[in-house]
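# Examining the three-dimensional arrangement
The residues making up each chain are set out below.
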Amino acid sequence: MLAISSIGLSRHLELDHPDLALKFFPLNVEAFLNGASRRFAQGASAGELGDIAHRATRLLSLHPGDARLYSVIGEVERRRGASDRAFAAFGHALALARTEVHALEWRLYRAVLTGNAHETLQRIDALFRRWPDRIGALAPLIAQVFAEPEPYEMLVRRIAAQPPWRTTLISRLAGSEETLGFSAQLLQDLAAEMPTLKVGEISNVLNGLINVDRYELAYRTFLLTLSPVQQEQAGFVYNGRFRLPPTGRPFDWQVRSHPGIGFSYPAADAGGKDAGLRLEFQQAPVRDIRVRQYLHLPAGRYSLRLRVSAAAAILPKGLFWNVRCADSGTLFTQVAMKNGTYRDAELDADLTVPDACPLQLLHLSTNAIAENWNDRYGGVVTFDSVMIVESS
């Protein structure tokens with residue numbers, strides 16, 4: 001009974017107090033591993049390394065199939081400078097469990113140091129599949145190791161095969177300014193290998209580039225990741241007739257649901273023949289409409305051209321299309337919609353984009369500052385096309 005109590009107490013202490021846990025039950029493998037990890041993190045002395053190796057060897061006699069114990073021995077040998085013995089111990093760990101994390105990481109770094117791109121990719125694949133939390137720490141290493149053409153092509157082919165870690169890796173690469181360019185190039189080349197990419201993957205990279213003012217690369221990446229069907233809608237305003245449902249990624253339409261407005265896209269409906277964006281106002285006040293698209297217009301003179309229809313439109317605080325500088329907020333032009341009922345009304349306004357504004361924002365707005373139920377919007381407004389053309 002006393003032995004059972006000691007084992008139970010050891011289990012209770014193994015995570016937070018591993019050394020004390022071993023005093024109650026010296027054969028507690030989990031306590032030993034937790035204690036060894038702490039000593040490694042604190043820079044174990046030569047004497048401590050010898051003690052760790054002795055304990056690991058003793059435990060292996062009772063648990064010969066525990067790959068983690070071989071990894072501990074491998075780490076001891078690595079810290080002693082015995083690379084060959086470390087390599088053998090980590091190799092034995094992987095033979096027992098191909099996803100043992102410490103052995104995998106060590107063999108990965110060894111493959112990197114020896115320039116073995118094929119083995120590096122194999123180890124990365126195994127590590128990321130089993131231990132996705134390691135992706136963030138290793139993402140910068142991937143951008144370095146696979147920078148040369150031949151290893152890079154291997155990486156593209158592997159990612160094009162859609163491993164489960166693909167989206168997370170792209171997100172982590174896009175999350176660092178140092179690896180943003182690599183993530184953009186990766187997306188561009190993946191687009192050539194795959195019929196479609198995930199919207200979230202593209203958005204992460206484009207938003208990352210926009211956040212660090214790399215607008216040209218962001219826009220080029222957007223264009224190169226369009227599918228053949230999407231490429232047909234390219235222009236100064238992408239998908240200006242709303243032939244395709246908005247994806248929400250930068251440089252495409254971003255339409256966020258709004259209380260009091262129903263959004264629909266006639267061309268995207270089953271059997272729909274008409275293009276456009278349809279706004280059905282539901283007798284409620286309207287402010288902060290989130291219908292917008294980033295633009296990358298070269299400096300010059302342009303014309304914003306709209307074709308709009310309405311049915312019993314009531315717009316007490318107005319409804320406007322605007323083009324402004326995304327960085328400074330400077331308004332370049334604004335076009336107001338009319339109340340009432342009409343069909344195929346054509347509206348236009350000139351604008352000039354200066355050199356100092358490489359990124360612009362096209363968006364809908366009202367003049368409402370606060371929600372006032374005396375200013376209720378009603379009726380239907382349909383934008384058949386929203387286009388920008390160069391002016392002579």
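Residues numbered from 1 in each chain as written. Predicted model: local features only at pLDDT ≥ 70, side-chain atom pairs only at ≥ 80, totals over all residues. Heavy atoms only, no water.

The next point concerns the overall build of the protein chain. Along the backbone of the protein chain there are 15 helices and 10 strands. Here the protein chain holds 392 residues, and the buried ones make up 48% of them. Considering only contacts in the protein chain between residues 6 or more positions apart, those separated by 24 or more positions represent 66%. (Helix = DSSP H or I, 4+ residues; strand = E, 2+ residues; numbered from the N terminus. Buried < 20%, exposed > 50% of the residue type's maximum accessible area, 1.4 Å probe, protein only. Contact = heavy atoms within 4.5 Å.)

Applying the stated rule across the entire model yields 12 aromatic pairs. Between F128 and W165, the ring centres sit 5.5 Å apart and the planes meet at 75 degrees, which makes this aromatic pair edge-to-face. Here F128 is found in helix α8 (residues 117-130), whereas its partner W165 is found in the loop between α10 (149-160) and α11 (166-174), with 37 residues between them in sequence. Residue W165 is classed as buried on the basis of its relative accessible area of 2%. The interplanar angle of 80 degrees and the centroid separation of 5.8 Å between the aromatic rings of Y152 and F182 together place this pair among those described as edge-to-face. Here F182 lies in helix α12 (residues 180-193) and Y152 lies in helix α10, a separation of 30 residues in the sequence. Take Y152 and F182: they sit in the same class, and that class is buried. Here the aromatic residues Y219, F222, Y238, F251 and Y294 are joined through ring pairs into a cluster of three or more. A cation over a ring is seen here: R130 above W131, with NZ or CZ 4.1 Å from the ring centre. (Phe/Tyr/Trp six-rings, centres within 6.5 Å; stacked < 30°, edge-to-face > 60°. Lys NZ or Arg CZ within 6 Å of the ring centre and 35° of its normal.)

A word on unusual backbone geometry. Its identity is not glycine, yet F251 carries a phi of approximately 75 degrees, on the positive side. Relative to the helices and strands, F251 resides in the loop between α15 (228-231) and β1 (254-255). Residue F251 is classed as buried on the basis of its relative accessible area of 1%. Despite not being glycine, Q283 has its phi angle at roughly 55 degrees, a positive value. Within the fold, Q283 resides in strand β3 (residues 277-284).

Further remarks concern the environment of L173. In this structure, L173 sits in helix α11. Under the relative-accessibility criterion, L173 is labelled buried at 0%. Separated by 38 residues in the primary sequence, L173 and I135 have C-alpha atoms spaced 9.5 Å apart.

Attention now moves to the sheet that holds strand β4 (residues 291-295). Ordered by their spatial adjacency, 5 strands build an open sheet running β1-β4-β9-β6-β7, and the pairing between neighbours is antiparallel. The sheet terminates laterally at β1 and β7 (331-336), the two strands that pair on one side only. As paired elements, β4 and strand β9 (residues 360-365) share 4 bridges and run antiparallel to each other. Its bridge partner being in β9, R292 is matched across the sheet by H363. (Pairing = 2+ DSSP bridges.)

Within the element layout of this structure, D375 appears in the loop between β9 and β10 (377-390). Of the buried charged residues, D375 lacks a salt bridge, with K317 as the closest side chain of opposite charge at 4.3 Å. (Lys, Arg positive; Asp, Glu negative; His and termini not counted. Salt bridge = Lys/Arg side-chain N within 4 Å of Asp/Glu carboxyl O.)

Bringing the pattern of salt bridges into the picture now. All told, the structure shown has 8 salt bridges when counted by the stated rule. One salt bridge connects R166 with E201, and the closest N-O pair in it is separated by 2.9 Å. Of this pair, R166 sits in helix α11 while E201 sits in helix α13 (residues 199-211), and the two are 35 residues apart along the sequence. Residues R166 and E201 agree in their burial class; the two are buried. In this structure, the salt-bridge partner of D344 is R343, at a minimum N-O distance of 3.9 Å. Overall, the relative accessible area of 69% leaves R343 in the exposed class. Salt bridges here are not isolated pairs; linked through shared partners, they connect D125, R129 and R158.

Here the focus is the sheet that holds strand β2 (residues 261-264). Backbone-to-backbone hydrogen bonds join strands into a sheet, with any given pair of strands oriented parallel or antiparallel. The strand order across the open sheet formed by 5 strands is β2-β3-β10-β5-β8, and the pairing between neighbours is antiparallel. Each end of this open sheet is capped by a strand with a single partner; those strands are β2 and β8 (340-353). Across the sheet, the mean angle from the axis of one strand to that of its neighbour is 20 degrees, orientation sign disregarded. Alignment of strand β5 (residues 300-314) against β10, held across 11 bridges, turns out to be antiparallel. Bridging from a neighbouring strand, S309 pairs with T382 of β10. (Axes fitted to C-alpha atoms, helices over the stretch in contact; angles between N-to-C directions.)

Purely geometric stuff here, so don't read any function into it on its own.
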